[in-house]
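Here is what each chain is made of, one letter per residue.
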Amino acid sequence: MDDLGTALKRLLASQIAMFLKAQGHHWNVEGPMFHQFHDFFSDIYTDVYGSVDPTAENIRKIGQYAPFMLPTLDKLREVEDVKVSTDPMDMCDDLLKANDAVLEAIALAAEAAEEADEEGILNFLAERDDMHKKWRWQLTATTKQ
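For the structure given in this document, a descriptive report is provided here. (Residues numbered from 1 in each chain as written. Predicted model: local features only at pLDDT ≥ 70, side-chain atom pairs only at ≥ 80, totals over all residues. Heavy atoms only, no water.)

**Some words on the pattern of salt bridges**
Argument step 1. Applying the stated criterion across every chain, the model contains 8 salt bridges.
Argument step 2. A salt bridge links Arg10 to Glu78, with the shortest nitrogen-to-oxygen separation between them at 3.5 Å. Of this pair, Arg10 sits in helix α1 (residues 2–28) while Glu78 sits in the loop between α3 (70–76) and α4 (88–115); the two residues are 68 residues apart in sequence, bridging distant segments of the chain.
Argument step 3. Linked by salt bridges that have partners in common, Asp74, Arg77 and Asp81 make up one network. (Salt bridge = Lys/Arg side-chain N within 4 Å of Asp/Glu carboxyl O. Helix = DSSP H or I, 4+ residues; strand = E, 2+ residues; numbered from the N terminus.)

Here you go:
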């Protein structure tokens, strides 16, 4: 269960980092398509935020403690910080990279859940994988030139 716990903690930290990026982009986007991107980023951060508590609860279900202190989360996250302008295309590109990091964290957690025979956690991760693949599709479609 240690591998699964570690993988879920990395996923949790990455989800929180992506949530904060999407929320920040929602607050700071500018340009002629402000409203469209403001709403799009809201959809993303609302969804990702909704996955945080269930991920933490899955950590608790396997008998471990969910990290919550910022320095700990910062060390665990796979999502990188980058300076981004207020341009919505730059923001979408940043969120696409963050989303890919979360997808990678989901895949690693799913491998560990399968090895630990944790079907319920595996089902949760499959649903999250599907949603983040939807975000990948939408962010990729948005940034195509």
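Having seen the model, we can carry on.
**Considering the nonpolar core**
Argument step 1. Grouped together as the largest cluster of nonpolar side chains are 40 residues, with contacts concentrated most on Leu8, Phe40, Phe41, Ile44, Leu125 and Leu139.
Argument step 2. Elements represented by at least two residues in this core include exactly α1, α2 (34–61), α4 and α5 (119–143).
Argument step 3. For this core, the leading source of residues is α4, giving 12 residues.
Argument step 4. Not counting residues up to four positions away in its chain, the partners in contact with Phe41 are Ala22, His25, His26, Val29, Pro88, Met91, Cys92 and Leu95. (Core = buried A, V, L, I, M, F, W, Y, C linked by side-chain atoms within 4.5 Å. Buried < 20%, exposed > 50% of the residue type's maximum accessible area, 1.4 Å probe, protein only. Contact = heavy atoms within 4.5 Å.)

**Description of the side chain of His26**
Argument step 1. Position of His26 relative to the elements: it lies in helix α1.
Argument step 2. Since its relative accessible area comes to 10%, His26 is described here as buried.
Argument step 3. Filtering out sequence-adjacent residues up to four positions away, His26 remains in contact with His38, Phe41, Ser42 and Tyr45.

**Observations concerning the environment of Ile44**
Argument step 1. Mapping Ile44 onto the fold places it in helix α2.
Argument step 2. Judged by its relative accessible area of 0%, Ile44 falls in the buried class.
Argument step 3. A sequence separation of 18 residues divides Ile44 from His26, and the C-alpha atoms of the two residues are 9.4 Å apart.
Argument step 4. Contacts of Ile44, omitting those with residues within four sequence positions, involve Met18, Ala22, Leu95, Trp135 and Leu139.

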